[in-house]
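# Fold and geometry: a report
As a plain string of letters, each chain reads:
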Amino acid sequence: MHTGKNYTFKEVILWTRRDIFLLLFIAAIPTALYQAFHWKWLTLPWLPIALLGTAVAFVIGFKTMLRTIDFGKHAGFGALSPITVAAGELWSKTMSPITMQKIKYLKMLCAKFI
């Protein structure tokens, strides 16, 4: 049993060494195939991967926050969702560079919910 406040780097490596070796082996397979056989179709673009990772992080973060939040103390939280939805709708409808008119419209939508 560990009674200290922190774990050393050596302890963490010792506890996770099996997982580290397994993940290195799994990562080595496509790397070897790419290098040895020049399978260029194994490449993945970074933008969709980063976008998906960011979306997953937001979803998990909001789920965790919603489980632990006390809505009585955080009445202003209710305004966050409509503002986010309004901004997303505005962006999805236009898909063009933001002009001053669109910024004023977004501010008007946000003012309704605050």
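Since this is a predicted model, take the numbers as computed values, not measurements.

Let's shift gears to the overall build of the protein chain. Looking only at helices and strands, the protein chain has 4 helices and 0 strands in total. Counting every position in the protein chain, which comprises 114 residues, the buried fraction comes to 7%. Of the roughly 10400 Å² of accessible surface on the protein chain, 72% is carried by carbon and sulfur atoms.

So, about the packing of aromatic side chains. With the rule as written, the count across this model stands at 3 aromatic pairs. For the ring pair Y7 and W15, a centre distance of 4.9 Å and an interplane angle of 80° mean the geometry is edge-to-face. Judged by its relative accessible area of 48%, Y7 falls in the partly exposed class.

Even without being a glycine, H38 presents a positive backbone phi close to 55°. Tracing the chain through its elements places H38 in the loop between α1 (9-37) and α2 (46-68).

Taken together, the side chains of F9, I13, I20, F21 and L24 make up a nonpolar region of the molecular surface, amounting to roughly 530 Å² of accessible area. Tracing the chain through its elements places F9 in helix α1. What makes F9 exposed here is its relative accessible area of 67%.

Before going further, it helps to examine the confidence of the model for the protein chain. For residues with low pLDDT, the predicted coordinates do not support detailed interpretation. Confidence in the prediction for the protein chain averages 77 pLDDT; 62% of positions are at 70 or higher. Mean pLDDT per element in the protein chain: helix α3 (residues 80-94) is the minimum at 66, and α1 is the maximum at 93.

What follows covers α1. Its axis deflected by about 65° at T16, α1 carries its strongest bend there. Just downstream of α1, H38 is the residue with a positive phi angle, here 55°.

Reading guide: rules and limits
Residues numbered from 1 in each chain as written. Predicted model: local features only at pLDDT ≥ 70, side-chain atom pairs only at ≥ 80, totals over all residues. Heavy atoms only, no water. Helix = DSSP H or I, 4+ residues; strand = E, 2+ residues; numbered from the N terminus. Buried < 20%, exposed > 50% of the residue type's maximum accessible area, 1.4 Å probe, protein only. Areas by Shrake-Rupley, 256 points an atom, 1.4 Å probe, with all protein chains shown as cover. Phe/Tyr/Trp six-rings, centres within 6.5 Å; stacked < 30°, edge-to-face > 60°. Patch = residues over 30% accessible without salt bridge, like charges linked within 9 Å, V, L, I, M, F, W, Y side chains within 5 Å. Salt bridge = Lys/Arg side-chain N within 4 Å of Asp/Glu carboxyl O. pLDDT = per-residue confidence, 0-100. Bend = angle between axes of the 7 residues up to and from the residue.

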